[in-house]
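Coordinate inspection notes
Here's the letter readout for the chains.
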Amino acid sequence: MADSESTQDSAATTEPHLTQAQDKVDDTTAKLNNLALRIWPPTQRTRDAVINRLVETLSSQSVLSKRYGTMPEDEASAVAKSIEDEAFLVAGASFSADDDDGIEILQVYSKEISKRMLDTVKARVAAAAADAPSGLAEVDLNNAGAADGEEISSSSVKAEA
């Protein structure tokens, strides 16, 4: 009988511990149910990271630079800030109360950044081509079109049209 009494005592002492643990789980569950995860608007830290990535893409070798060329870092920095600001304003204007977590507006923001970046580099190449003397087309704008490992000077390389 001593064994059955000790088992009952043991069960009695663990029940309050289990009750406390269950209460903590219930409290945590209630808090999580009330938690709303929102990804819009992005924090300033996130916006700065987007700008830094844009600068890197515009000023260093990338898929984009192979076709459209690179920009000097100071120019890329100013352009990146402008692109991000404009995309943020456009996305913010399209904000809808129906979008509970901000996924749709984040998609608008991302698409606007991509669109504006591409428009910027295309306009830059078009402006450089328009400045080229007649009969000549500008092929390179800071290494645009260079093959991997092939080095081209920063000055424009002109080819007959």
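The structure this text deals with has already been given above.
Here the structure is a predicted model, which is why all the values come from computation and not from measurement.

A separate point is the overall build of the protein chain. Summing up its helical and strand segments, the protein chain has five helices and two strands in all. Traced from its N-terminal end to its C-terminal end, the protein chain shows the element sequence α-α-α-α-α-β-β. Across the 161 residues in the protein chain, those meeting the buried criterion constitute 24%. Within the protein chain, counting contacts between residues at least 6 apart in sequence, those at least 24 apart form 61% of the total. For the protein chain, the computed accessible surface area is about 11100 Å², with 54% contributed by carbon and sulfur atoms.

Below, the discussion takes up the packing of helix 2 (residues 44-59) against helix 4 (residues 73-93). The geometry of helix 2 relative to helix 4 is characterised by a closest axis approach of 8 Å and an angle of 135° between their N-to-C directions. The angle between the axes of helix 2 and helix 4 places the two elements in the oblique class. Crossing angle aside, the handedness with which helix 2 passes helix 4 is right-handed. For the pair formed by helix 2 and helix 4, the contact residues are R47, V50, I51, L54, V55, L58 and S59 on the first element and E73, A76, S77, V79, A80, K81, I83, E84, D85 and F88 on the second. By residue class, the composition of the contact of helix 2 with helix 4 is 10 nonpolar, two polar and five charged.

On to the side chain of E84. Mapped onto the elements of the fold, E84 is located in helix 4. Note on E84: relative accessible area 0%, which makes it buried. Of the polar contacts made by the side chain of E84, one reaches the side chain of R47; its length is 2.7 Å. When near neighbours in sequence (up to four residues on either side) are disregarded, E84 contacts R47, V50, I51 and Y109.

What follows deals with the pattern of salt bridges. One pass over the structure, following the stated rule, counts seven salt bridges. A salt bridge links E75 to R124; the shortest N-O distance between them is 3.3 Å. Here R124 lies in helix 5 (residues 103-131) and E75 lies in helix 4, a separation of 49 residues in the sequence. The class for E75 is partly exposed, based on a relative accessible area of 32%.

This part takes up the environment of R124. The sequence separation of R124 and G69 amounts to 55 residues, and the corresponding C-alpha distance is 9.3 Å. Polar side-chain contacts of R124 include one of 3.3 Å to the side chain of E75.

Conventions used here
- Once a new chain begins, its residue numbering starts again from 1 and follows that chain's sequence as written.
- Local features in this predicted model are restricted to residues whose pLDDT is 70 or higher, and side-chain atom pairs enter the listing and the counts only when it is 80 or higher, whereas totals over whole chains, interfaces and linings include all residues.
- Derived side-chain values reflect all non-hydrogen atoms in the structure, with water molecules and hydrogen atoms excluded from consideration.
- Each helix is a run of DSSP H or I of at least 4 residues and each strand a run of E of at least 2, with the numbering of both proceeding from the N terminus.
- Think of it in three bands: residues with accessible area under 20% of the maximum for their type are buried, residues over 50% are exposed, and the middle band is partly exposed, with areas taken using a 1.4 Å probe on protein chains only.
- Contact between two residues is taken to exist if any of their heavy atoms lie within 4.5 Å; hydrogens are not considered.
- Per-residue accessibility takes into account occlusion by the displayed protein chains alone, with areas from the Shrake-Rupley method and a 1.4 Å probe.
- Geometry is summarised by axes, namely lines fitted to C-alpha atoms with helices restricted to the contacting stretch, and by angles between N-to-C directions that run from 0 to 180 degrees.
- Angles are sorted into four bins: roughly parallel if under 35 degrees, roughly antiparallel if over 145, roughly perpendicular if 65 to 115, and oblique for all others.
- By convention, the crossing between two helices is left-handed when the near helix turns anticlockwise from the far helix through less than a right angle, and right-handed when the turn is clockwise.
- Side-chain classes follow a simple rule in which Ala, Val, Leu, Ile, Met, Phe, Trp, Tyr, Cys and Pro form the nonpolar group, Asp, Glu, Lys and Arg form the charged group, and the remainder, Gly included, forms the polar group.
- Any pair of N or O atoms that falls within 3.5 Å is considered a polar contact. Within protein, one atom must be able to donate a hydrogen and the other to accept it, and sequence-neighbouring residues count only if both atoms are side-chain atoms.
- For this analysis, a salt bridge means a side-chain nitrogen from Lys or Arg found within 4 Å of a carboxyl oxygen belonging to Asp or Glu.

In short, shape yes, function no, at least from these values alone.
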